[in-house]
Each structure stands twice: as structure tokens, then as C-alpha cells.
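The lines below spell out each chain.
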Amino acid sequence: QFLAHIKMFFKDHYLYLAATIMDGRVQGSEIYDEIDGLRIIIGHRTESNDDHNLVFKQMRVNFNASGTATAYEYLTTLSDSGKASFGVALTGATTVNVNTDIDEGYSIEMKIDLTGLGYTADLGDKLIFTGVMLADGDSFEDPLSNYGTRSWWFREHDGGPVTTWGVLDPNTPVGVEDENVTFIPSSIELYGNYANPFN
């Protein structure tokens, strides 16, 4: 079982990410294909490659081999410079690296100062280019049964495949609630069915 709910919002020049991850077996590893964790990928606004494309920075949190939640990739740089922080909490009776129990999962929260990704304090044109990747690796007594999966929203890593973009506009509040819209017709009309009698 592996399922996640991820929410992001921003305030001033900070991006906040919260992820609730339901995982029946939480494990730590230094082997990339066996990690349990989350990565957010954001385009750096002032760095570009030789093709003049944005350079994407990967910021990952996963459990290391000793079971401790640890920052990896560019998140380490941002954290060390005071431009990011993160927290991880285990859900219910979840244990890390104990294969004899059934886990519930964990949650991850990040606070990222976007000025550490080339944004000005007023966010400039207010565009953000991002993606999220979830990793679920499981190990067993029989190493042939070990596996690692990754699921991503728009972008798995810095090289592709695509990215989504959004506008960080404080004047346009958005929510994640379901919209239940009901239309009540004011009249009834009968249209002809030529040339398809099944319309």
C-alpha cells in the first residue's frame, strides 16, 4: 500500500509543502532505488544551461540507512544556508527498518525560501516551474524480492520529462475542496436527431 496527499502553498517569498504518505513498510536506505521519501523539483530562476533552459534543483527528504529522515541534493545546500527547513513525523505506530510490523506511513513538511532559487523577494514575474516525485522502496529477507518504485507529478528529476508551471499570485486564493456545482434548467428543448438517430 502506497498513497500520498501533497499540498503546496506560498506566503511572501516562501513555498510550503506538506505531504501525508501512507506506506505499509517504511525503510531507510542509501541506495537510491530503495529509498522511501519525497523530492520536489523547482526551476532556478537565474540559472540556465547551454540551451538556455532553466536549471532544475532537486530537493529530497528520505530515510537514511539508520532510519533518520535526512535532506539530500539541493535541499542540503538550502538548509545549510538557512533558506529551507523540513520536518518528518511517523504516523501511528510506524517504525523505520522493522520489517516484522505493518506501518501506516509518515508526513513530510518543507519550508523553502524561494530567494534561494533565484527569486527576488517580490517573486519577480511570480512564475514557478515545479514537479514532485515520491519514492517507495521495500527490502525483504530474500533480496530478489526487493524493489523500488517512483511516482511523479510532471517531473521525476532535473532532466525531465516535463514540468508544470503556476503563478504565485496572492490575489487569487485557491483551494483544494471539491466543487459541487448543480445546474437547474430553466426550460426544456428538444433538438432534432438528423443525421444520427442515436443522438
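Residues numbered from 1 in each chain as written. Predicted model: local features only at pLDDT ≥ 70, side-chain atom pairs only at ≥ 80, totals over all residues. Heavy atoms only, no water.

A. Fine view of the pattern of salt bridges. Under the defined criterion, the tally for this structure stands at six salt bridges. One salt bridge connects Arg39 with Glu73, and the closest N-O pair in it is separated by 2.4 Å. Highlighted residues: Arg39 in strand β3 (residues 37-48) and Glu73 in strand β5 (residues 69-73), separated in sequence by 34 residues. Of the residues examined, Arg39 reaches a relative accessible area of 3% and is grouped as buried. (Salt bridge = Lys/Arg side-chain N within 4 Å of Asp/Glu carboxyl O. Helix = DSSP H or I, 4+ residues; strand = E, 2+ residues; numbered from the N terminus. Buried < 20%, exposed > 50% of the residue type's maximum accessible area, 1.4 Å probe, protein only.)

B. Layout of the environment of Ser79. Within the secondary structure, Ser79 is located in helix α1 (residues 74-80). Taking C-alpha positions, Ser79 is 9.9 Å from Gly116, a pair spaced 37 residues apart along the chain. Ser79 has contacts with Ala84 and Phe86, leaving out every residue within four places of it along the chain. (Contact = heavy atoms within 4.5 Å.)

C. Region of interest: the pairing of β3. Two elements, β3 and strand β4 (residues 54-63), share nine bridges in a ladder whose sense is antiparallel. Within the sheet, the bridge partner assigned to Ser48 lies in β4 and is Leu54. Connecting the antiparallel pair β3 and β4 is a turn made up of five residues, with His52 showing a positive phi of about 65°. Two elements, β3 and strand β8 (residues 127-138), share six bridges in a ladder whose sense is antiparallel. Bridge pairing in β8 links Ile40 to Val132. (Pairing = 2+ DSSP bridges.)

D. Structural detail: the packing of aromatic side chains. Taken as a whole, this structure holds four aromatic pairs when the rule is applied. Between Phe9 and Tyr16, the ring centres sit 4.8 Å apart and the planes meet at 10°, which makes this aromatic pair stacked. Residue Tyr16 is classed as partly exposed on the basis of its relative accessible area of 22%. Here the aromatic cluster, defined as three or more aromatic residues joined through ring pairs, consists of Phe9, Tyr14 and Tyr16. Above the face of the Tyr74 ring, Lys57 is positioned so that its terminal group lies 4.7 Å from the ring centre. Taking the ring centre of Tyr72 as reference, the NZ or CZ of Arg60 above it sits at 4.6 Å. (Phe/Tyr/Trp six-rings, centres within 6.5 Å; stacked < 30°, edge-to-face > 60°. Lys NZ or Arg CZ within 6 Å of the ring centre and 35° of its normal.)

E. Inspection of a nonpolar patch on the surface at higher detail. Together, Ile6, Met8, Trp153, Phe154 and Val162 line one region of the surface with nonpolar side chains, adding up to about 410 Å² of accessible area. By secondary structure assignment, the location of Phe154 is in the loop between β9 (147-153) and β10 (155-157). Take Phe154: its relative accessible area is 36%, and that puts it in the partly exposed class. (Patch = residues over 30% accessible without salt bridge, like charges linked within 9 Å, V, L, I, M, F, W, Y side chains within 5 Å. Areas by Shrake-Rupley, 256 points an atom, 1.4 Å probe, with all protein chains shown as cover.)

F. Region of interest: the nonpolar core. Ile40, Ile42, Met59 and Met110 are the most contacted members of the largest nonpolar core, which totals 29 residues. Excluding residues that lie within four positions of it along the chain, Ile40 makes contacts with Met8, Leu15, Leu17, Lys57, Gln58, Met59, Met110, Ile112, Thr130, Gly131 and Val132. (Core = buried A, V, L, I, M, F, W, Y, C linked by side-chain atoms within 4.5 Å.)

G. Focus on the side chain of Asp113. Examined against the element boundaries, Asp113 turns out to sit in strand β7 (residues 105-113). At a separation of 2.9 Å, a polar atom in the side chain of Asp113 contacts the side chain of His13. When sequence neighbours within four positions are dropped, the list of residues in contact with Asp113 reads His13, Tyr14 and Lys83. (Polar contact = N/O pair within 3.5 Å; in protein donor to acceptor, adjacent residues only side chain to side chain.)

H. Structural view of unusual backbone geometry. Backbone geometry places Asp12, a non-glycine residue, at a positive phi of 55°. Topologically, Asp12 is positioned in the loop between β1 (2-11) and β2 (14-23). By relative accessible area, which is 54% here, Asp12 ends up exposed. We note that Lys126 has phi near 65°; this positive angle belongs to a residue other than glycine. Mapped onto the elements of the fold, Lys126 is located in the loop between β7 and β8.

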